[in-house]
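Structural characterization, general
Given next are the chains, with one letter for each unit.
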Amino acid sequence: MELNGEQLIAAPVSRVWLGLNDVSILHASIPGCEEIERISDEEVRAKVMFKIGPVRARFAGKLILSDIVPDVSCSMAFEGTGGAAGFAKGKARVELIGTESGTLVRYSTEASIGGKLGQIGGRLISASAKKIADDFFLAFAKELGGELITLSDTKVEDKKEE
Amino acid sequence: MKAAAFDYVKAKSLIEAIALLSEHGEDARLIAGGQTLLATLNLRLSEPSILIDITAVSELKGIFVQGNMLRIGALVTHTEIESSDLIAQHAPLLKEAAPHIAHRAIRNLGTWGGSLAYGDPAAEWPACSLALDAIMVIQGPSGARKVSAKDFFIDLYTTTLQVDEILVASEIPLASSNQVHSFQELARRHGDYAAVGLAAMIRTDKGKVQTCRLAFFSVAAIPTMASKAQAFIEGKSIDTALIQRAVNLAREEIETLADITNSQETKTHLLGVLLERALTKMMP
């Protein structure tokens, strides 16, 4: 599964970068995040209650960051297991681009999902991932004290790009 | 696999069911027909600590006419809708749609309210409720509220229902004599989830379309109305040239979302095919 998109947040690049690296802001922004802990500069561990439609499963996972260029971009590899429900793993790349009205966050993700979740949830897995990403950015922008500006415009654009 | 352990309570009244929901919050799930929930529990995709059985709650039962509205209780099964004379007379779109829902065994148990509250984007009832301008009657600890179908479905599997609220019934305006409908669905095999579907209704006045509702399902995260195509059709009489324009408009305005077997392009193409079939069928 691939998930690509972009969101415009009404906050300067440096603030968005700090937010993406601040576990307490991530804790408040990631839908269903129950625990999140920074192990080192490159590693983050989290427990997330994944709740969408028929599925309510708790995932424990880790995130390894690489190619970190502060205020510009980073890559990450992630994997998580949700017990009987299944597992997810993949990689993502995030880029921040400063614009007049705020920061454009561009992300591209590749993930594979296995186990029961893959079989049952497969029908709508990309729609679910998109909803989670949208929910995250909405909460994240709010946490930064900014807002998602011209959200509808960017949304339309990124849907067409997918 | 078998479900994880859970408690089970059979609520005797709506008030009791809502009190239980308020008490247990996210840990509780309502069970009526159980056609989605039980599969999910057995696969351990979800492990609620308590199931609240609402099948004995009388306020949620029955199909009846109330003034100029047809009221369908949340517990009414798909089979009851399929065989109800009141439905055939006052909401014939639903009668036509019912056989497309899964298989007989599932229709015998699955419920109207369950399908709506679950909000699967590929399900038939959410789209039909949009096409018929249904009103959802919702009860919570602070009383009852009503929400129109177009405001009820918010996002993928997400409705305006709060964690302590129950969908009690839907109210649908009685079909008028100048009203025609068409239900179209494409699925790989009968009973499968729809690849694309359409619930359509028009009301005509002196040969011109007065009201047009085109509710597509299994095309996006929620059932979706083709509002530009609807507005284009309203006020005109249906002919083949109009149908072609409407098909193009609908294909342009609906941003389809791929699923595991059908790409965006396939869905966009198919929704036009279904719209052409529906409008041709409804053409006087």
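Residues numbered from 1 in each chain as written. Chains lettered and ligands numbered in written order. Predicted model: local features only at pLDDT ≥ 70, side-chain atom pairs only at ≥ 80, totals over all residues.

**A look at the overall build of chain A**
A tally of regular secondary structure across chain A gives five helices and seven strands. Along chain A, helices and strands appear, N-terminal first, in the series β-α-α-β-β-β-β-β-β-α-α-α. Counting across all 162 residues of chain A, residues that qualify as buried make up 27%. Considering only intrachain contacts with a sequence separation of at least 6, the fraction spanning at least 24 residues in chain A is 52%. (Helix = DSSP H or I, 4+ residues; strand = E, 2+ residues; numbered from the N terminus. Buried ≥ 20, exposed ≤ 12 C-beta atoms within 10 Å, placed from the backbone. Contact = placed C-beta atoms within 7 Å.)

**Some points on the overall build of chain B**
Helix and strand content of chain B: 12 helices and 14 strands. In terms of C-alpha radius of gyration, chain B reaches 19 Å, essentially the compact-globule figure of 19 Å for 284 residues. C-alpha extents for chain B along the principal axes are approximately 60 × 45 × 30 Å. Intrachain contacts of chain B at a sequence separation of at least 6 include 63% that bridge at least 24 residues. (Rg over C-alpha atoms; globule rule 2.2 N^0.38 Å.)

**Regarding the interface of chain A and chain B**
Contacts between the two partners involve 19 residues from chain A, matched on the other side by 16 residues from chain B. Elements supplying a minimum of two residues to the side of chain A that touches chain B: β4 (55-69), α3 (116-121) and α4 (125-143) of chain A. Residue contributions to the side of chain A that touches chain B peak at four residues, all from α4(A). By residue class, the composition of the side of chain A that touches chain B is 10 nonpolar, four polar and five charged. (Nonpolar A, V, L, I, M, F, W, Y, C, P; charged D, E, K, R; others polar.)

**Quick notes on the packing of helix α11 (residues 240-253) of chain B against helix α12 (residues 264-282) of chain B**
All names here are of chain B. Packing of α11 against α12 leaves a shortest axis separation of 9 Å and a crossing angle of 145°. When the axes of α11 and α12 are compared, the crossing they make is right-handed. Of the residues in α12, those in contact with Ile 243, Ala 246, Val 247, Ala 250 and Arg 251 of α11 are Thr 268, Leu 271, Gly 272, Leu 275, Glu 276, Leu 279 and Thr 280. Considered class by class, the residues forming the contact of α11 with α12 number seven nonpolar, three polar and two charged. (Axes fitted to C-alpha atoms, helices over the stretch in contact; angles between N-to-C directions. Left-handed = near helix turned anticlockwise from the far one by under 90°.)

**Quick word on the domain arrangement of chain B**
All names here are of chain B. Per the domain assignment, the segments of chain B are domain 1 (7-53), domain 2 (58-173) and domain 3 (179-282). Each of domain 1 and domain 2 has a C-alpha centre, and the two are 19 Å apart. Listed per partner, the contact involves 13 residues of domain 1 and 16 residues of domain 2. The greatest single-element share of the side of domain 1 that touches domain 2, amounting to five residues, is contributed by helix α1 (residues 14-24). (Domains from an automatic or database assignment.)

**Considering α12(B)**
Residues that lie three or four places apart on an α-helix share one face, since the helix turns once every 3.6 residues. Residues and elements named next belong to chain B. Its 19 residues give α12 an end-to-end C-alpha distance of 27 Å, which sits within 8% of 27 Å, the value for a rise of 1.5 Å per residue. Taken together, the buried positions of α12 are Lys 267, Leu 270, Leu 271, Gly 272, Leu 274, Leu 275, Ala 278, Leu 279 and Met 282. Of the surrounding elements, those touching the buried residues of α12 are β11 (179-186), β12 (196-205), β13 (208-217) and α11. (Expected span 1.5 Å × (residues − 1).)

**Description of the nonpolar core**
Counting 110 residues, the largest nonpolar core has B:Leu93, B:Ala131, B:Ala199, B:Leu214 and B:Phe216 as its most contacted members. Considering each element in turn, this core owes the most residues, seven residues, to α12(B). Contact partners of B:Leu93, with chain neighbours within four places excluded, come to B:Cys128, B:Ala131, B:Leu132, B:His181, B:Phe183, B:Ala199 and B:Met201. Listed in part, the 12 residues of the second largest apolar core include A:Ala11, A:Val105, A:Phe140 and A:Leu144. (Core = buried A, V, L, I, M, F, W, Y, C linked by C-beta atoms within 7 Å.)

**Description of the environment of A:His27**
Residue and element names in this part refer to chain A. Within the secondary structure layout, His 27 lies in helix α2 (residues 23-29). Placed 113 residues apart in sequence, His 27 and Phe 140 show a C-alpha to C-alpha distance of 9.6 Å. In contact with His 27, not counting residues within four places along its chain, are Cys 33 and Ile 36.

**Digging into the pairing of strand β6 (residues 135-140) of chain B**
Residues and elements named next belong to chain B. In terms of burial, β6 is a largely internal element, five of the six residues being buried. In sequence, β6 turns back onto strand β7 (residues 143-148) through a hairpin of two residues. Of the strand pairs in this sheet, β6 and strand β10 (residues 166-173) are connected by five bridges, and their pairing is antiparallel. Looking at the pairing, Val 137 lines up with Ala 169 of β10. (Pairing = 2+ DSSP bridges.)

**Observations concerning α4(A)**
Residues and elements named next belong to chain A. Its 19 residues place the ends of α4 27 Å apart at the C-alpha level, agreeing with the 27 Å of an ideal helix rising 1.5 Å per residue. The complete set of buried residues in α4 reads Ile 125, Ala 127, Ser 128, Ala 129, Lys 130, Asp 134, Phe 137, Phe 140 and Ala 141. Where α4 terminates, the next one or two residues include Gly 145, which has phi positive at roughly 80°.

**Details of the sheet that holds β4(A)**
Residue and element names in this part refer to chain A. Taken in spatial order, the seven strands of this open sheet run β1-β7-β6-β5-β4-β3-β2, and their pairing is antiparallel. The strands lining the two open edges of the sheet, one partner per strand, are β1 (2-9) and β2 (33-38). Neighbour to neighbour, the strand axes of the sheet diverge by 20° on average, direction disregarded. The pairing of β2 with strand β3 (residues 43-52) spans five bridges and is antiparallel. For Glu 37, the partnering residue across the bridge sits in β3 and is Arg 45. Running over the sheet, helix α1 (residues 13-20) touches β1, β6 (87-99) and β7 (102-114) and is turned about 160° from β6. Sheet strands in contact with α4 are β1, β3 and β7, and its direction is about 20° off that of β1.

**Comments concerning unusual backbone geometry**
All names here are of chain B. Residue Ala 102 is not a glycine yet carries a positive backbone phi of 40°. Along the chain, the position of Ala 102 falls in the loop between α5 (92-97) and α6 (104-109). A positive phi is found at Tyr 157, a non-glycine position, where the angle reads about 55°. Among the secondary structure elements, Tyr 157 is positioned in the loop between β8 (153-155) and β9 (158-159).

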